[in-house]
Amino acid sequence: MVAQGPSGVLCAIGVFEPCEGVVMGGPAVKEIAIENPVPVDPVASGTKRVLALDVFRGITLTAMIIVNNHGDPRFAYPPLAHARWHGWTPTDLIFPFFLFIVGMAIPYSFAGRLERQASGRKLYAHIVLRSITLFAIGLFMNGYTQFMTGHSRYHLWDIRIFGTLQRIALCYLLASFIYLKTKIRGQALIAAVILVLY
């Protein structure tokens, strides 16, 4: 809710301190002037966010929701389904996009922790713990999906061990150690070897 004081200053009702000269009925109402808002510097506030990466993450999540809920696979719009084997569709880009996002976020995430003087042991423990957590969530999601689709019994051979989250966890683990243990030249060499082997 917004009120206008005698000086023409707009005041947002319900937060912070009252604007001078604005009288409201009923119980005490807190207001704040919103004239000439001051932008928040993410670096100064301690949260180093990359807007482009956040936007790309949001677009990728939206696309994932769409391709995972396209209705009957027999009548799905072809771009919303995976390619059977040869070629690719926009749906096949979702997983690589997530890996790209993870890789791009690693330098920013680790830079913040290193600036806070986090020890190497704590940083490695954080990497391992996060990887294990992602892997465990992936296993749970696969088992929960089986339960919701009518499978009343659980068998190890029915659970997809290396699902999407599990693979992201492994890629995050390896990429993090590579980033911390190698320089640019070593990283480029590892990337070239992986591409050749693939």
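Residues numbered from 1 in each chain as written. Predicted model: local features only at pLDDT ≥ 70, side-chain atom pairs only at ≥ 80, totals over all residues. Heavy atoms only, no water.

## Notes on the packing of aromatic side chains
At step 1: Summed over the entire model, instances satisfying the criterion amount to five aromatic pairs.
At step 2: Summarising the aromatic geometry, the rings of Phe56 and Phe100 are spaced 5.9 Å apart at their centres and angled 90° between planes, so their arrangement reads as edge-to-face. With Phe56 in helix H1 (residues 51-68) and Phe100 in helix H2 (residues 94-115), this residue pair connects regions lying 44 residues apart in the sequence.
At step 3: Classification of Phe56 by relative accessible area gives partly exposed; the value is 23%.
At step 4: A relative accessible area of 45% means that Phe100 is categorised as partly exposed.
At step 5: Both rings, one in Tyr124 and one in Phe177, keep their centres 5.2 Å apart while their planes meet at 5°; by these two values the pair is stacked. Taken together, the residues span a long stretch of sequence, with Tyr124 in helix H3 (residues 120-148) and Phe177 in helix H4 (residues 164-181) at a distance of 53 residues.
At step 6: Taken together, the ring pairs connect Phe56, Phe97 and Phe100 into an aromatic cluster. (Phe/Tyr/Trp six-rings, centres within 6.5 Å; stacked < 30°, edge-to-face > 60°. Helix = DSSP H or I, 4+ residues; strand = E, 2+ residues; numbered from the N terminus. Buried < 20%, exposed > 50% of the residue type's maximum accessible area, 1.4 Å probe, protein only.)

## Describing a nonpolar patch on the surface
At step 1: On the surface, a nonpolar cluster with roughly 400 Å² of combined accessible area is contributed by Ile137, Phe140, Met141 and Tyr144.
At step 2: Mapped onto the secondary structure, Met141 falls in helix H3.
At step 3: The class of Met141 is partly exposed, set by a relative accessible area of 40%. (Patch = residues over 30% accessible without salt bridge, like charges linked within 9 Å, V, L, I, M, F, W, Y side chains within 5 Å. Areas by Shrake-Rupley, 256 points an atom, 1.4 Å probe, with all protein chains shown as cover. Salt bridge = Lys/Arg side-chain N within 4 Å of Asp/Glu carboxyl O.)

## Comments concerning the nonpolar core
At step 1: Membership of the largest hydrophobic core is limited to five residues, which are Ile106, Phe110, Leu123, Ile127 and Tyr172.
At step 2: Going through the elements one at a time, H2 and H3 are the ones with two or more residues in this core.
At step 3: Setting aside chain neighbours within four positions, we find Ile106 in contact with Tyr172, Ala175, Ser176 and Tyr179. (Core = buried A, V, L, I, M, F, W, Y, C linked by side-chain atoms within 4.5 Å. Contact = heavy atoms within 4.5 Å.)

## A closer look at the packing of H1 against H2
At step 1: As a packed pair, H1 and H2 sit with axes 10 Å apart at the nearest point and diverge in direction by 155°. Classified by the interaxial angle, the pair formed by H1 and H2 is roughly antiparallel. When you trace H1 past H2, the crossing you get is left-handed. Residues Leu53, Phe56, Arg57, Thr60, Leu61, Ala63, Met64 and Val67 of H1 lie in contact with H2, whose contacting residues are Ile94, Phe97, Phe98, Phe100, Ile101, Met104 and Ala105. (Axes fitted to C-alpha atoms, helices over the stretch in contact; angles between N-to-C directions. Parallel < 35°, antiparallel > 145°, perpendicular 65-115°, else oblique. Left-handed = near helix turned anticlockwise from the far one by under 90°.)

## Quick word on the side chain of Thr60
At step 1: In this fold, Thr60 is placed in helix H1.
At step 2: Among the polar contacts listed, one links the side chain of Thr60 to the backbone oxygen of Phe56, at a separation of 2.8 Å.
At step 3: Apart from the residues lying within four places of it in its own chain, the contact partners of Thr60 are Ile94, Phe97, Phe98 and Ile101. (Polar contact = N/O pair within 3.5 Å; in protein donor to acceptor, adjacent residues only side chain to side chain.)

## A short note on the confidence of the model for the protein
At step 1: Put simply, the protein has an average pLDDT of 77, and 69% of its residues get 70 or more.
At step 2: Note on residues 1-46: pLDDT under 50 across the span, and 59 contacts to partners over four residues away in sequence or across chains. (pLDDT = per-residue confidence, 0-100.)

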